[in-house]
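# Summary of the model geometry
Here are the chains, one letter per residue:
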Amino acid sequence: NVRYKGVHEMPLDMYDPPAQGTRGSITSLVVRLKPGYEGQALAVAAAIQTQARQRDPRALVSGISMLDDVVNKELAPWRFSAWVFALFAGLAFALAMLGLFSLVSLDVANRRHEFAIRVAVGASGGDIVRGVLRSAGARAALGIVGGLLVAGLVTRSLQGLLFGVALGDRITYGSVVALVLGVVLVASYVPARRAGATNPLSLLHRG
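The paragraphs below set out a description of the structure included in this document. Only a predicted model underlies this, so the values are computations on that prediction, with no experimental measurement involved. (Residues numbered from 1 in each chain as written. Predicted model: local features only at pLDDT ≥ 70, side-chain atom pairs only at ≥ 80, totals over all residues. Heavy atoms only, no water.)

### Let's talk about helix 3 (residues 112-120)
The cut-off we apply is this: Burial classification: accessible surface area is computed with a 1.4 Å probe over protein chains only, and a residue below 20% of its type maximum counts as buried, one above 50% as exposed, and the rest as partly exposed. Secondary structure is summarised from DSSP: a helix means a run of H or I of at least four residues, a strand means a run of E of at least two, and numbering begins at the N terminus for each. Taken from the helix axis, the directions to the C-beta atoms give the arc we talk about.
All of the buried residues along helix 3 are Phe115, Ala116 and Val119. All buried residues of helix 3 fall inside an arc of 105 degrees around its axis, so they share one side.

In structure tokens:
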């Protein structure tokens, strides 16, 4: 049950011992090494070639390849597609995070007069920062919940492109959620902290 003819094909082949073979000639010879002896595969192949020549000088043992190489050859197109897909997905995610950072920063910066009034009536800089973080975190949480729901529906169509990976990869989803929350919090904290530390009278005068 080895996938050497395709990623989604698992042939149930039967391997016969050479001494029990019914055919006069052997077209394919499969050698299985004990665990831990994989590094001696080339030496074993050379020994097989030597034994074959000693038994029959006309015998030709060629086309030697490791089963891992055969499987990797079948997986190569899938790995390339996965890398290309991951590259474009990473670029799209980076642009989205940059846009999110800019949007949240601009939104918080436009509220500087509101923050100045709050500070003037007794709010501290810490109150301003905590309020902004709560507001931004709540909106980000709504967006994350909606994004997870959409992702759960859309990724079902990608099942045919996945191999050995579950749709509900908790590590990936958790990393993305943590990164989005981190970007939102940083984008909110920096301008809110700046506004909370500014003299409210100067902001009100310029407004």
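### Comments concerning the pattern of salt bridges
Spelled out, the test is: For salt bridges, the criterion is a side-chain nitrogen of Lys or Arg within 4 Å of an Asp or Glu carboxyl oxygen.
All chains considered together, the criterion is met by four salt bridges. As a salt-bridge pair, Glu114 and Arg118 come within 3.1 Å of each other at their nearest N and O atoms. Here Arg118 and Glu114 lie together in helix 3, a separation of four residues that amounts to about one turn. Take Glu114: its relative accessible area is 29%, and that puts it in the partly exposed class. Among the ionic pairs, Arg130 bridges to Asp127, the shortest N-O distance being 2.6 Å. Placement of both Arg130 and Asp127 in helix 4 (residues 125-154) is noted, with a separation of three residues, approximately one turn of the helix. In this structure Arg130 comes out as partly exposed when scored by relative accessible area, which is 44%. Taking relative accessible area as the criterion, Asp127 reaches 36% and is therefore assigned partly exposed.

### A short note on the nonpolar core
Keep this limit in mind: Throughout this description, the term nonpolar core refers to a set of buried Ala, Val, Leu, Ile, Met, Phe, Trp, Tyr and Cys residues connected via side-chain atoms within 4.5 Å. Contact definition: two residues touch when any of their heavy atoms are within 4.5 Å.
Val104, Val108, Phe115, Val119, Ile128, Val129, Val132, Ala187 and Ala192 together form the largest nonpolar core, which totals nine residues. Only helix 2 (67-109), helix 3, helix 4 and helix 5 (170-196) provide two or more residues apiece to this core. Excluding its chain neighbours within four sequence positions, the residues that come into contact with Val108 are Phe115, Val132, Ser188, Pro191 and Ala192. Met97, Ala136, Ile144 and Val183 belong to the second-largest nonpolar core, a separate cluster that totals seven residues.

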